[in-house]
Amino acid sequence: MNTIRALELPLAEDQVRSLRVGEQVRLYGEIVLTAGMPTHERIIDLLERKAPLPTDLQGAALLHLGSYSREVDGRFEVLYLNPTTSTRFNGFMPRLIRGLGLRVVGGKGGLDAAGVQAMRETGCVYLSFLGGGCTLLSEAIREVVSVHWNDLVHHYRLVKLRVEGLGPATVGIDAQGNSLYGHLAEDARARLPGILARLDARRAQAPS
C-alpha cells in the first residue's frame, strides 16, 4: 500500500525537490485559494507594478480550489472546497510561480510546458486533487486565516485557510519537470497508430 506523505506548510525548496511525481501527500498548514481569473489578474498587476500584496504569498501553496463561502455576522466561512481546472490559468502561472517563489500549486488538469519550466527553475510542485472530492477535501478546513479583496464575489476573493490533512493529493508534476500529464499524452500518442490501424481493419471487414 502506498504511503501518504504528510507535508507541513510552508515548504523549503529542498523539501519540494525531494518530492517525486506519483507520490501522494496531505497538506497541513496555510494554503491560498485562487479560483478565478480576476484573482490571478489582480495578483499579476500588483507584481508588475511592484505594489504590495494584501498578504504574504512568498513561497506559498497557491491552489486552484473553488469554494462555497458565506458571511455570517461579519465572519467569513468557507463551507466546502472543490478543485477547478488549472489549465485555464496557464497564461498566469509562470509569472506567479517565479514572482512569488511558489512552492506548491495545484488543482486538476495540470499546467502547460511554460508552467512546468517555471516550476523547475523555482522549485515548485503541482498537486492533483480528486475532481468531485469536495466532501473529502472540505473535512480538512480548520480556520479562515484571512480574506482580501472583498469587492470581488466570494469565490474570487484572495483567501488563506488553515487546513489539516488536505488531500490525498498526487504529485502530478514534480520540481524536476516530470509530469503524469506528459506521460499520459505520450502514451496516448504512442497508442494512436495501433488504434487507427485496428479501426481501419474493422472497417475493411465490415459488409459494404
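Residues numbered from 1 in each chain as written. Predicted model: local features only at pLDDT ≥ 70, side-chain atom pairs only at ≥ 80, totals over all residues. Heavy atoms only, no water.

## A word on the overall build of the chain
When its secondary structure is counted, the chain shows six helices and nine strands. The buried share among the 208 residues of the chain stands at 44%. Counting contacts in the chain only where the partners sit at least 6 residues apart, residues at least 24 apart contribute 64% of the total. Of the roughly 10600 Å² that the chain leaves accessible, carbon and sulfur atoms contribute 51%. (Helix = DSSP H or I, 4+ residues; strand = E, 2+ residues; numbered from the N terminus. Buried < 20%, exposed > 50% of the residue type's maximum accessible area, 1.4 Å probe, protein only. Contact = heavy atoms within 4.5 Å. Areas by Shrake-Rupley, 256 points an atom, 1.4 Å probe, with all protein chains shown as cover.)

## What to know about the pairing of strand E7 (residues 125-129)
Across the five residues that make up E7, a large majority, four, are buried. Bridge count for strand E6 (residues 104-107) against E7 is four bridges, and the pairing is parallel. Looking at the pairing, Gly 107 lines up with Ser 128 of E7. In the sheet, E7 pairs with strand E9 (residues 158-173) via four bridges, with the strands oriented antiparallel. Bridged to Phe 129 within E9 is Ala 169. (Pairing = 2+ DSSP bridges.)

## Looking at the packing of aromatic side chains
Within this structure, the stated rule accounts for two aromatic pairs. Between Tyr 126 and Tyr 181 the ring centres are 6.0 Å apart and the planes differ by 80°, which places this aromatic pair in the edge-to-face class. Linking Tyr 126 in strand E7 with Tyr 181 in helix H6 (residues 180-205), this pair joins segments that are 55 residues apart in sequence. Residue class for Tyr 126 comes out buried when judged on its relative accessible area of 0%. (Phe/Tyr/Trp six-rings, centres within 6.5 Å; stacked < 30°, edge-to-face > 60°.)

## Let's talk about the pattern of salt bridges
Overall, the coordinates contain 14 salt bridges when judged by the stated rule. Across the pair Lys 160 and Glu 30 runs a salt bridge, and its minimum N-O distance is 3.9 Å. Within this pair, whereas Lys 160 is found in strand E9, its partner Glu 30 is found in strand E2 (residues 24-33), the two being separated by 130 residues in sequence. On the accessibility criterion, Lys 160 (12% relative accessible area) is buried. Of the charged contacts, one joins Asp 45 and Arg 49 as a salt bridge, the two residues approaching to 2.9 Å between their closest N and O atoms. Residue class for Asp 45 comes out partly exposed when judged on its relative accessible area of 36%. Classification of Arg 49 as exposed rests on a relative accessible area of 52%. Each of Arg 142, Glu 143, Arg 162 and Glu 164 takes part in salt bridges that share partners, so that together they form one network. (Salt bridge = Lys/Arg side-chain N within 4 Å of Asp/Glu carboxyl O.)

## Some remarks on the nonpolar core
The biggest cluster of nonpolar side chains holds 29 residues, and the ones touching the most others in it are Leu 27, Ile 31, Leu 81, Leu 127, Phe 129, Leu 161 and Leu 166. When residues of this core are traced back to their parent elements, those giving at least two are E2, strand E3 (61-63), strand E5 (75-83), E7 and E9. Here the element with the most residues in this core is E9; it accounts for six residues. Contacts of Phe 129, omitting those with residues within four sequence positions, involve Leu 27, Leu 63, Leu 65, Pro 83, Gly 106, Gly 107, Lys 108, Leu 137, Leu 166 and Ala 169. Val 32, Leu 46, Phe 92 and Ala 118 belong to the second-largest nonpolar core, a separate cluster that totals 26 residues. (Core = buried A, V, L, I, M, F, W, Y, C linked by side-chain atoms within 4.5 Å.)

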